[in-house]
Number of protein chains: 2
Amino acid sequence: MKMAFDGIDATFVALADPTRRAILARLAQGEVTVMDLAEPFSMSQPAISKHLKVLENAGLVTRGRDGTRRPVRAETKRLRQATAWLEDFCARLEGNYQRLDALLAEMKTVQKD
Amino acid sequence: MKMAFDGIDATFVALADPTRRAILARLAQGEVTVMDLAEPFSMSQPAISKHLKVLENAGLVTRGRDGTRRPVRAETKRLRQATAWLEDFCARLEGNYQRLDALLAEMKTVQKD
DNA sequence: AAGCTATATAACTATTCGGTTATATATAGG
DNA sequence: CCTATATATAACCGAATAGTTATATAGCTT
């Protein structure tokens with residue numbers, strides 16, 4: 001359908017792939033190069049570069065420059081935003097049910113009277 | 001690559017689609033039927049049914065039975081799990097940087113001595 | 001039982017995605 | 001300047017995705 005891009009979209013798309021989540025997890029140990037990732041993931045270097053581009057476009061990682069290397073580091077701002085978005089989402093959904101529960105409880109009370 | 005299914009995967013895959021997020025958002029107003037969704041989303045009924053199947057398989061919604069209708073309601077448990085997962089993820093990533101900062105600070109101190 | 005309504009399923013299509021290999025580009029070092 | 005190394009890009013491929021239309025199924029209602 002291609003709906004409006006709400007900013008959270010790229011984040012969830014990036015997180016939907018297990019390889020990309022694993023790459024992010026690896027970054028908890030510090031900066032890595034492309035080849036650092038290609039080896040343990042038994043994946044070709046171009047495949048890693050593609051995943052990194054997705055992560056970079058989503059603002060989840062940034063790239064540096066160290067000679068010919070392009071070290072990758074995690075950025076948590078967007079992840080924090082996504083977390084906040086999810087929390088708000090849950091709250092709204094649960095809020096509704098609380099209201100529904102309250103409504104049902106009220107109806108029962110009214111019936112009893 | 002098809003990595004190990006870690007449970008969080010289906011949740012993020014489901015959330016990666018803007019239509020499915022919109023469906024979930026719509027559920028904050030309460031239960032809806034398939035046709036309730038098909039109309040405002042200007043999408044065919046089978047398309048909605050497919051999205052609902054994805055959401056249901058991810059445990060993000062459950063279906064009821066009301067005559068010929070199959071009302072949909074949101075389930076927040078998995079969303080809560082995803083939120084917790086994201087929070088932990090952020091914490092690990094930021095924790096690393098804190099350690100790195102501490103390390104750099106320590107190195108500077110040592111040099112100064 | 002017949003018909004109406006809501007949903008599900010099947011079959012198909014176009015596009016996107018995640019991977020590959022081959023090649024191009026850029027930077028460091030002899 | 002030449003070579004080696006790290007990364008990026010291009011071209012391609014198969015599988016998955018998101019949509020469609022047509023049809024089947026299931027439950028009311030009369």
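Further up the page is the structure itself.
Keep in mind the model is a prediction, meaning the values are calculated, not measured. (Residues numbered from 1 in each chain as written. Chains lettered and ligands numbered in written order. Predicted model: local features only at pLDDT ≥ 70, side-chain atom pairs only at ≥ 80, totals over all residues. Heavy atoms only, no water.)

Student: Is there a simple way to think about the overall build of chain A in this case?
Tutor: Looking only at helices and strands, chain A has five helices and two strands in total. The secondary structure elements of chain A, listed N-terminal to C-terminal, are α-α-α-α-β-β-α. The burial tally for chain A puts 42% of its 113 residues in the buried class. Across chain A, every contact between residues at least 6 apart in sequence was considered, and the portion connecting residues at least 24 apart equals 44%. Carbon together with sulfur atoms contributes 52% to the accessible area of chain A, which is approximately 6600 Å² in total. (Helix = DSSP H or I, 4+ residues; strand = E, 2+ residues; numbered from the N terminus. Buried < 20%, exposed > 50% of the residue type's maximum accessible area, 1.4 Å probe, protein only. Contact = heavy atoms within 4.5 Å. Areas by Shrake-Rupley, 256 points an atom, 1.4 Å probe, with all protein chains shown as cover.)

Student: Is there a simple way to explain the packing of aromatic side chains in this structure?
Tutor: Geometrically, a pair of aromatic rings is defined through the distance of the ring centres and the angle of the planes. As enumerated under the stated definition, the model contains five aromatic pairs over all chains in all. When the ring of Trp 85 of chain A is compared with that of Phe 89 of chain A, the centres are 4.5 Å apart and the planes differ by 15°; the resulting orientation is stacked. Of the two residues, Trp 85 of chain A and Phe 89 of chain A both sit in helix H5 (residues 77-112), four residues apart, roughly one turn of that helix. Arranged with centres 5.4 Å apart and planes meeting at 65°, the rings of Phe 12 of chain B and Trp 85 of chain B form a pair that is edge-to-face. One end of the pair, Phe 12 of chain B, is in helix H1 (residues 8-15); the other, Trp 85 of chain B, is in helix H5 (residues 77-112), with 73 residues separating them in the sequence. An aromatic cluster of three or more residues is present, and its members are Phe 12, Trp 85 and Phe 89 of chain A together with Phe 12, Trp 85 and Phe 89 of chain B. (Phe/Tyr/Trp six-rings, centres within 6.5 Å; stacked < 30°, edge-to-face > 60°.)

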